[in-house]
Amino acid sequence: MITTTHYLVLSLVLFSLGVIGMAVRRNFITVLMCIELILNAANINLIAFSRQLGDLTGQVFAVFVITIAAAEAAIGLGIIVALVRLKQTTNLDQVNVMEG
Amino acid sequence: MSWLLLHFSQIVFYALAACAVAGAVGVIAFRSPVRAALSLLGTFLAVAGLFVLMEAEFLAAVQILVYAGGVMVLFLFVIMLVKARDIPQERQYLGKLAPAAVGLGVLLAVLVGVGVWAAAHGAPADAAALRQVQGATLGNTEAVGWSLYRDYLLPFEVVSIVLLVAMIGAIVMGRREAPKEGGA
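Residues numbered from 1 in each chain as written. Chains lettered and ligands numbered in written order. Predicted model: local features only at pLDDT ≥ 70, side-chain atom pairs only at ≥ 80, totals over all residues.

J.: I'm lost on the overall build of chain A in this one. Help?
T.: Scanning chain A from N- to C-terminus turns up three helices and zero strands. Moving toward the C terminus, one meets the helices and strands of chain A in the order α-α-α. Taken over C-alpha atoms, the radius of gyration comes to 17 Å for chain A, far larger than the 13 Å a tight globule of 100 residues would show. Taking the principal axes of the C-alpha coordinates as reference, chain A spans close to 50 × 25 × 20 Å. Residues counted as buried form 55% of the 100 residues belonging to chain A. (Helix = DSSP H or I, 4+ residues; strand = E, 2+ residues; numbered from the N terminus. Rg over C-alpha atoms; globule rule 2.2 N^0.38 Å. Buried ≥ 20, exposed ≤ 12 C-beta atoms within 10 Å, placed from the backbone.)

Put into structure tokens, the structure is as follows:
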């Protein structure tokens with residue numbers, strides 16, 4: 001029998017992989033993909049709890065999360081296009097003007 | 001054969017979970033962004049399958065349409081737009097992050113252990129209540145629609161404004177340069 005906890009463990013693994021990717025990867029595009037991974041993990045959590053509690057609110061919130069993820073991808077890729085035009089790179093190590 | 005039928009949902013779950021995790025590992029292991037994006041697509045499709053397994057069919061369809069259809073095309077489009085020679089040489093930061101990585105790894109191991117223990121003792125979930133709206137039994141899409149447009153109408157409108165702002169922002173940032181005074 002697959003319980004909610006199975007889904008939570010899977011979600012935890014996907015979330016951790018997303019965080020690891022954000023920490024070790026320096027390519028802006030890969031970092032954006034890792035954010036999508038994290039949001040997918042959050043969606044699995046929401047829907048697993050929705051099923052566990054018999055409440056549709058989790059699924060409605062997952063719809064909102066998917067919407068925000070799409071908006072985030074559009075903005076992030078817009079930033080990448082602007083960044084490449086400005087600096088000819090997607091390397092986050094070379095985008096350190098605000099780092100001081 | 002009867003064993004296969006008895007454990008069908010488990011087999012499907014573990015197959016899809018393995019696909020999702022393998023795709024996620026691919027995202028952070030591949031250096032080529034195109035391969036990472038296609039690997040991410042595998043994760044998206046596996047997660048959509050998991051949504052079906054959790055009886056959230058509407059979200060599975062949305063997942064495929066928005067993620068596999070929209071976001072993934074956007075990613076691949078931008079990767080093609082950015083020339084391949086611009087791919088940065090990766091510098092691994094794990095040396096500096098090693099203590100934090102060890103701590104988080106221990107935390108992860110503990111959480112997974114607790115999860116596995118709880119999974120062995122957990123009660124099975126009951127999804128039948130998810131289809132009850134005002135006493136009638138509906139399909140998943142109809143039930144989500146009822147909830148979305150009746151109970152969460154205001155958040156829905158706010159999210160649509162967020163999408164509009166994101167669209168305008170993406171257009172502004174994607175523009176070549178600021179327009180001259182008196183129009184382009």
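J.: What is the right way to read the overall build of chain B from this model?
T.: Each helix and strand counted, chain B has seven helices and two strands in total. Going residue by residue from the N terminus, the α and β elements of chain B occur as α-α-α-α-α-β-β-α-α. By residue count, 23% of the 184 residues in chain B fall in the buried class. A separation of at least 24 residues holds for 47% of the contacts in chain B among residues at least 6 apart in sequence. (Contact = placed C-beta atoms within 7 Å.)

J.: Can you walk me through the interface of chain B and chain A in this structure?
T.: A common way to report how large an interface is uses the accessible area buried once the components associate. Each side of the interface is counted separately: chain B has 71 residues, and chain A has 62 residues. Counting residues per element, the ones that place at least two in the side of chain B that touches chain A are α2 (8–29), α3 (33–53), α4 (57–81), α5 (94–121), α6 (140–151) and α7 (153–174) of chain B. At eleven residues, the largest contribution of residues to the side of chain B that touches chain A is made by α4 of chain B. Partitioned by chemical class, the residues of the side of chain B that touches chain A number 55 nonpolar, eleven polar and five charged. (Nonpolar A, V, L, I, M, F, W, Y, C, P; charged D, E, K, R; others polar.)

J.: Honestly, the nonpolar core in this entry has me stumped. Any pointers?
T.: Generally speaking, soluble globular proteins have nonpolar side chains that are buried together. If you look at the biggest cluster of nonpolar residues, it comprises 65 residues, and the most contacted ones within it are Leu14, Met33 and Ile47 of chain A together with Phe51 and Phe75 of chain B. Where this core is concerned, the elements lending two or more residues are α1 (4–24), α2 (28–53) and α3 (57–87) of chain A together with α2, α3, α4, α6 and α7 of chain B. Broken down by element, this core gets its largest block of residues, 13 residues, from α2 of chain A. Contacts of phenylalanine 51 of chain B, omitting those with residues within four sequence positions, involve Ile47 of chain A together with Ala56, Leu59, Ala60 and Gln63 of chain B. (Core = buried A, V, L, I, M, F, W, Y, C linked by C-beta atoms within 7 Å.)

J.: Which parts of the structure should I look at to understand the packing of α2 of chain A against α3 of chain B?
T.: Geometrically, a packed helix pair is captured by the angle between its two axes and the distance between the axes. At their nearest, the axes of α2 of chain A and α3 of chain B sit 11 Å apart, and the two run at 5° to each other. Judged by the inter-axis angle, α2 of chain A sits roughly parallel to α3 of chain B. Facing Ile29, Thr30, Met33, Glu36, Leu37, Asn40, Ile44 and Ile47 of chain A of α2 of chain A, the residues of α3 of chain B in contact are Pro33, Ala36, Ala37, Leu40, Thr43, Val47, Leu50 and Phe51 of chain B. Considered class by class, the residues forming the contact of α2 of chain A with α3 of chain B number twelve nonpolar, three polar and one charged. (Axes fitted to C-alpha atoms, helices over the stretch in contact; angles between N-to-C directions. Parallel < 35°, antiparallel > 145°, perpendicular 65-115°, else oblique.)

J.: Even after reading the chapter, I still don't get the confidence of the model for chain B, so can you show me in this structure?
T.: Any region with low pLDDT has predicted coordinates that should not be read closely. Per-residue pLDDT for chain B averages 82, and the proportion of residues at 70 or more is 79%. As scored by the predictor, the complex reaches a pTM of 0.83 and an ipTM of 0.90. (pLDDT = per-residue confidence, 0-100.)

J.: When you look at the confidence of the model for chain A in this model, what are you seeing that I'm missing?
T.: Per-chain confidence: chain A averages 87 in pLDDT, with 97% of residues scoring 70 or above. Element-level mean pLDDT values for chain A span from 87 in α1 of chain A up to 91 in α2 of chain A.

J.: Please explain α7 of chain B as it appears in this structure.
T.: Taking 1.5 Å of rise per residue, the 22 residues of α7 of chain B would be expected to cover 32 Å, and the 32 Å separating its terminal C-alpha atoms lies within 8% of that figure. Among the 22 residues of α7 of chain B, two are classified as buried, and the element is accordingly described as predominantly exposed. (Expected span 1.5 Å × (residues − 1).)

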